[in-house]
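# Close look at the chain arrangement
The chain contents come next:
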Amino acid sequence: MKSRSLATSLAFALALGGAATASAQTNPAAHAHHATPAPAAPSQDVPPAAQAAVSVVERFHTALVAGDLKSVGSMLSADVLILETGGAERSRDEYLGHHAIGDAKFLKGTHSEIKHRTARIDGSTAWVGTESELHASKDGKPMTLLSTETMVLKNTSVGWQIVHIHWSSRPKKAS
């Protein structure tokens, strides 16, 4: 697959709840004199033992938003399995050679906000589940997508590495 549909890009980008901090720095409203109050802090259920794995997830998102694919690759296991919108990428090289490039490009124009994060650890395996909102525009019109992301990490000789990612999203219904 050389191209990615807007829906697939949005689904991926929505999942990037960890990019909220980096994206907020480019949000013009954040610098307005009468900026809207900051959103409430995300709900977190992350025990201290899982914090190192969560840190890898956050660094992954920050690197992807910045287009730093070398850093993105360093956090992925060589045989990572990425599932999204009915498709699969079965290696780090497959992801970096195709969708990572489009994902990084798309994310430059979005703002992601984590709503809830849960993490658990069991020995050398951890999982991090993130629910977030992605604020983007399509054809010049603002849109909000709801996203869920699960990352499974393994503690290796080089530290925590992402071995599996599953992304899912849908448009947020108007209130």
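Let me sum up the structure you'll find in this document. (Residues numbered from 1 in each chain as written. Predicted model: local features only at pLDDT ≥ 70, side-chain atom pairs only at ≥ 80, totals over all residues. Heavy atoms only, no water.)

### Digging into the pairing of strand E7 (residues 159–171)
We count it as follows: If DSSP finds at least two bridges between two strands, the strands pair. Elements are defined by DSSP. Helices are runs of H or I of four residues or more, strands are runs of E of two residues or more, and each kind is numbered from the N terminus.
Relative to E7, strand E2 (residues 76–84) runs parallel, the two being bridged by five bridges. The partner of Leu83 across the bridge, within E7, is His166. As defined by bridge partners, strand E6 (residues 141–156) adjoins E7 across twelve bridges and the pair is classed as antiparallel. Across the sheet, residue Asn155 finds its bridge partner in E7, namely Trp160. Where E6 folds back on E7, the antiparallel hairpin that results is connected by two residues.

### Concerning the packing of aromatic side chains
To keep things clear, this is the line we draw: Working definition: rings of Phe, Tyr and Trp (its six-membered ring) pair if their centres are within 6.5 Å, and the pair is stacked with planes under 30 degrees apart, edge-to-face with planes over 60 apart, and tilted otherwise. Each residue is assigned to one of three classes by its accessible area relative to the maximum for its type, calculated with a 1.4 Å probe on protein chains only: buried under 20%, partly exposed between the two thresholds, exposed over 50%.
Taken as a whole and assessed by the stated rule, the structure comprises one aromatic pair. A centroid spacing of 6.4 Å and a plane angle of 45° characterise the contact between Tyr95 and Trp167, whose relative ring orientation is tilted. Here Trp167 lies in strand E7 and Tyr95 lies in helix H5 (residues 92–97), a separation of 72 residues in the sequence. Note on Tyr95: relative accessible area 0%, which makes it buried.

### Considering the pattern of salt bridges
Put simply, the test is: Salt bridges are counted wherever a side-chain nitrogen of Lys or Arg sits within 4 Å of a carboxyl oxygen of Asp or Glu.
Considering all chains together, one arrives at four salt bridges under this definition. A salt bridge links Asp45 to Arg120; the nearest nitrogen and oxygen atoms lie 2.7 Å apart. Here the residue Asp45 occupies a position in strand E1 (residues 43–45), and Arg120 occupies one in strand E4 (residues 111–122), the gap between them amounting to 75 residues. The partner of Glu58 in a salt bridge is Arg117, and the shortest N-O contact between them spans 3.1 Å. With Glu58 in helix H3 (residues 51–66) and Arg117 in strand E4, the pair connects residues that are 59 residues apart, well separated along the chain. A residue is classified by how much of its surface remains accessible, and Arg117, at 0% relative accessible area, is buried.

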